[in-house]
Amino acid sequence: MHVFIIALSLLRVWKNMAQLQQGGPDEKEKTTALKGLQKDYLLPHLFFPDLLSRIDLDELMKKDEPPLEFPDTLEGFEYIFNEKGQLRHIKTGEPFVFNYREDLHRWNQKRYEALGEIITKYIYELLEEECHLKKVYVPVDAEETEPRSFIFMSEDALINPDKLMILIQGSGVVRAGQWARRLIINEDLDSGTQIPYIKRAIEDGFCGIPGFYEDLNEFHGTGGRTLCKGLRE
């Protein structure tokens, strides 16, 4: 009886694989075949792991994905930040939708990451245009083979003797001027960026250096050389 069940499962596996290789007439049939392959793959694999060792489900899933090619502007994604700093769809006015394509989590995640990179550049523009900060590469005298990054700083950051504020973002994907990408995308700019704090600090007479481009942990092992060396030279 067990042999019969396993054999039946194997037949289903090969059937679903054949459907994927031949290519169904529409995306719905491909998705159905993938789901069936995932379900029917488990039982025979428990008993005959070597027999199915060449079946790579991740690779099969990738073959069913659309190309990982995404727009390079907010407008290309059909999103824009409204007057309240909220990310909204240009046509519908709805918030960002992560599951743009059903059952394609990896593709949706890559799309989310691509949008995040565009938002990072957008925040850089706001730091320069709205907060009137300038981008400075450090170390200023770095050799080509040395690690290098950049910071944003106010015009008086090196000459104001009274008040200095330094903001350093957390590790991960967030960059200078950001607290959390998720908050920027799902809430608004005031919740997810450092911009409100920078503006308030400037109003109160602080000079500011809001964060490095990269996580500082990436620059360990530089022989004690600091990223800010040379700023006052």
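Structure first, text after, so check above.
Residues numbered from 1 in each chain as written. Predicted model: local features only at pLDDT ≥ 70, side-chain atom pairs only at ≥ 80, totals over all residues. Heavy atoms only, no water.

## Quick word on unusual backbone geometry
Formally: Labels follow the DSSP assignment, with helices taken as runs of H or I lasting at least four residues and strands as runs of E lasting at least two, numbered in each case from the N terminus. Exposed residues in this analysis have more than 50% of their type's maximum accessible area, buried residues have under 20%, and partly exposed residues fall in between, with area computed by a 1.4 Å probe over protein chains only.
Going from V138 to P139, the amide bond is cis rather than trans, its omega being -10°. As for its position among the elements, P139 is in the loop between β3 (134–138) and β4 (149–153). The backbone phi angle of D103 is positive, close to 65°, even though this residue is not glycine. D103 sits in the partly exposed class, given a relative accessible area of 39%. In the Ramachandran plot, H132 falls in the positive-phi region, its phi being about 60° despite a non-glycine side chain. With respect to the helices and strands, H132 occurs in the loop between α4 (105–129) and β3. The class of H132 is exposed, set by a relative accessible area of 57%.

## A few points about the pattern of salt bridges
The line we're drawing: For salt bridges, the criterion is a side-chain nitrogen of Lys or Arg within 4 Å of an Asp or Glu carboxyl oxygen.
If you walk through the whole model with that rule in mind, you get five salt bridges. Linking R181 and E117 is a salt bridge whose minimum nitrogen-to-oxygen distance equals 3.5 Å. Of this pair, R181 sits in helix α5 (residues 181–186) while E117 sits in helix α4, and the two are 64 residues apart along the sequence. Of the residues examined, E117 reaches a relative accessible area of 45% and is grouped as partly exposed. For the salt bridge of K199 with E130, the shortest nitrogen-to-oxygen distance reads 3.0 Å. Here K199 is found in helix α7 (residues 195–203), whereas its partner E130 is found in the loop between α4 and β3, with 69 residues between them in sequence.

## Some points on the nonpolar core
General note: in soluble globular proteins, nonpolar side chains tend to be found buried as a group. For clarity, the threshold we go by: Among buried residues, those of type Ala, Val, Leu, Ile, Met, Phe, Trp, Tyr and Cys that are joined through side-chain atoms within 4.5 Å constitute a nonpolar core. The contact criterion used throughout is that any non-hydrogen atoms of two residues lie within 4.5 Å.
If you look at the biggest cluster of nonpolar residues, it comprises 26 residues, and the most contacted ones within it are L87, L115, I119 and L127. Per-element tally for this core: the top contributor is α4, with nine residues. Filtering out sequence-adjacent residues up to four positions away, L87 remains in contact with L74, Y79, I80, F81, E94, P95, F96, L115, I119, I184 and I185.

## Describing a nonpolar patch on the surface
Using the following cut-off: Patches here are clusters of residues that have more than 30% relative accessible area and form no salt bridge, with a 9 Å joining cutoff for like charges and a 5 Å cutoff for nonpolar side chains (Val, Leu, Ile, Met, Phe, Trp, Tyr). Here the Shrake-Rupley method, with its probe set to 1.4 Å, supplies the accessible areas, and only the displayed protein chains count as covering residues.
Judged by side-chain polarity, L164, I166 and I168 come together as a nonpolar surface patch covering roughly 280 Å² of accessible area. Looking at the secondary structure, you find I166 in strand β5 (residues 164–167).

## Details of the packing of aromatic side chains
Going by this rule: Ring geometry is summarised as follows: Phe, Tyr and Trp rings, the Trp one being its six-membered ring, pair when their centres sit within 6.5 Å, and such pairs are stacked at plane angles under 30 degrees, edge-to-face over 60 and tilted between the two.
Under the counting rule described, the total for this entry stands at 11 aromatic pairs. Aromatic pair F70 and W107: ring centres 5.3 Å apart, planes at 55°, arrangement tilted. Highlighted residues: F70 in the loop between α3 (57–63) and β1 (79–81) and W107 in helix α4, separated in sequence by 37 residues. Ring geometry for Y79 against F96: centres 5.5 Å apart, planes inclined by 55°, an arrangement best described as tilted. With Y79 in strand β1 and F96 in the loop between β2 (87–89) and α4, this pair connects stretches of sequence that are 17 residues apart. F96 gets classed as buried once you look at its relative accessible area, which sits at 10%.

## Side note on the side chain of S154
Stated formally: For the purposes of these results, a polar contact is taken to be a pair of N or O atoms within 3.5 Å, where, inside protein, one atom must be able to donate a hydrogen and its partner to accept one; residues adjacent in sequence count only when each atom of the pair is a side-chain atom.
Locating S154 in the fold gives a position in the loop between β4 and β5. Its relative accessible area of 7% is what places S154 among the buried residues. Within the structure, the side chain of S154 is placed 2.9 Å from the side chain of D156, a separation counted as a polar contact.

## Quick look at α7
In an α-helix, one turn spans 3.6 residues; hence positions three or four apart end up facing the same way. Applied cut-off: What the arc covers is the set of directions going from the helix axis to the C-beta atoms.
If you check which residues of α7 are buried, you get I195, I198 and A201. Projected down its long axis, α7 carries its buried residues within an arc of 125°, all on one side. When the buried face of α7 is taken as reference, the exposed residues oriented beyond 90 degrees from it are R200 and E203. Just beyond α7, the residue with positive phi is G205, at close to 90°.

By themselves, these observations are geometric and do not establish any function.
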